[in-house]
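Summary of structural features
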Amino acid sequence: MTVTVQVDTTRPVATLINVFTVSPDRQEELIELLARATEETMKHQPGFVCANFHASLDGERVVNYAQWESEEHYRAMLDNPEARVHMDQAAKIASDVQPRLFSVVSVHPE
């Protein structure tokens with residue numbers, strides 16, 4: 001099954017872009033943790049839309065691009081103890097974590 005995520009400026013979602021700084025020897029470990037956390041916990045939270053993980057070619061960054069139906073859904077996830085466990089584990093692997101919420105304002109498909 002192929003799933004395509006389409007970024008859409010007309011859909012009012014909260015877009016999380018979270019940049020993790022990590023040592024190259026732990027990049028894969030972090031991505032595996034984030035993917036497992038998403039499958040086991042995050043995607044079962046109310047308001048979850050999607051999550052994607054991107055590994056920098058130099059091995060020093062992991063970017064999580066995720067969408068939630070609203071900022072309130074995202075904030076509720078942050079307060080969920082089960083979700084917190086995963087986020088705390090990720091923070092122990094990464095040397096820096098910079099989550100920010102965004103709105104999509106411009107899309108340029110092929």
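Cut-offs and rules
- Residues numbered from 1 in each chain as written.
- Predicted model: local features only at pLDDT ≥ 70, side-chain atom pairs only at ≥ 80, totals over all residues.
- Heavy atoms only, no water.
- Helix = DSSP H or I, 4+ residues; strand = E, 2+ residues; numbered from the N terminus.
- Buried < 20%, exposed > 50% of the residue type's maximum accessible area, 1.4 Å probe, protein only.
- Contact = heavy atoms within 4.5 Å.
- Lys, Arg positive; Asp, Glu negative; His and termini not counted.
- Charge placed at Lys NZ, Arg CZ, Asp CG, Glu CD.
- Polar contact = N/O pair within 3.5 Å; in protein donor to acceptor, adjacent residues only side chain to side chain.
- Phe/Tyr/Trp six-rings, centres within 6.5 Å; stacked < 30°, edge-to-face > 60°.
- Expected span 1.5 Å × (residues − 1).
- Arc of directions from axis to C-beta.
- Pairing = 2+ DSSP bridges.

Attention now moves to the overall build of the chain. In terms of helices and strands, the chain carries three helices and four strands. In the chain, the order of α-helices and β-strands from amino to carboxyl end is β-α-β-β-α-α-β. Across its three principal directions, the C-alpha atoms of the chain cover 40 × 35 × 30 Å. The buried share among the 110 residues of the chain stands at 35%. A separation threshold of at least 6 residues defines the contact pool for the chain, and within that pool the share at least 24 residues apart is 75%. Looking at the chain, you have 9 positive and 17 negative side-chain charges, and the mean spots of the two groups are 4 Å apart.

Along the polypeptide, Thr-38 turns up in helix H1 (residues 27-40). Within polar-contact distance, the side chain of Thr-38 engages the backbone oxygen of Leu-34 at 2.8 Å. Sequence-distant contacts of Thr-38, that is, excluding residues within four places in its chain, are made with Lys-43, Phe-48, Ala-51 and Phe-53.

Glancing now at the packing of aromatic side chains. In total, this model carries one aromatic pair according to the counting rule given. Consider the rings of Phe-48 and Trp-68, whose centres lie 5.4 Å apart with planes at 80°: the pair is edge-to-face. In this pair, Phe-48 is assigned in strand E2 (residues 48-55) and Trp-68 in strand E3 (residues 61-68), connecting sequence segments 20 residues apart.

If you check helix H3 (residues 81-93), its first and last C-alpha atoms are 19 Å apart, about what 13 residues at 1.5 Å a residue would give, namely 18 Å. Regarding H3, the residues found buried are Ala-83, His-86, Ala-90 and Ile-93. In an axial view of H3, the angular spread of the buried residues amounts to 80°, which keeps them on one side of the axis. With respect to the buried face of H3, the exposed residues turned more than 90 degrees away are Pro-81 and Lys-92.

Turning next to the pairing of E3. Summarising burial for E3: six of the eight residues are buried, a large majority. Judged from the eight bridges that link them, strand E1 (residues 14-21) and E3 form a sheet pairing that is antiparallel. Bridge pairing in E3 links Phe-20 to Val-62. Two elements, E2 and E3, share seven bridges in a ladder whose sense is antiparallel.

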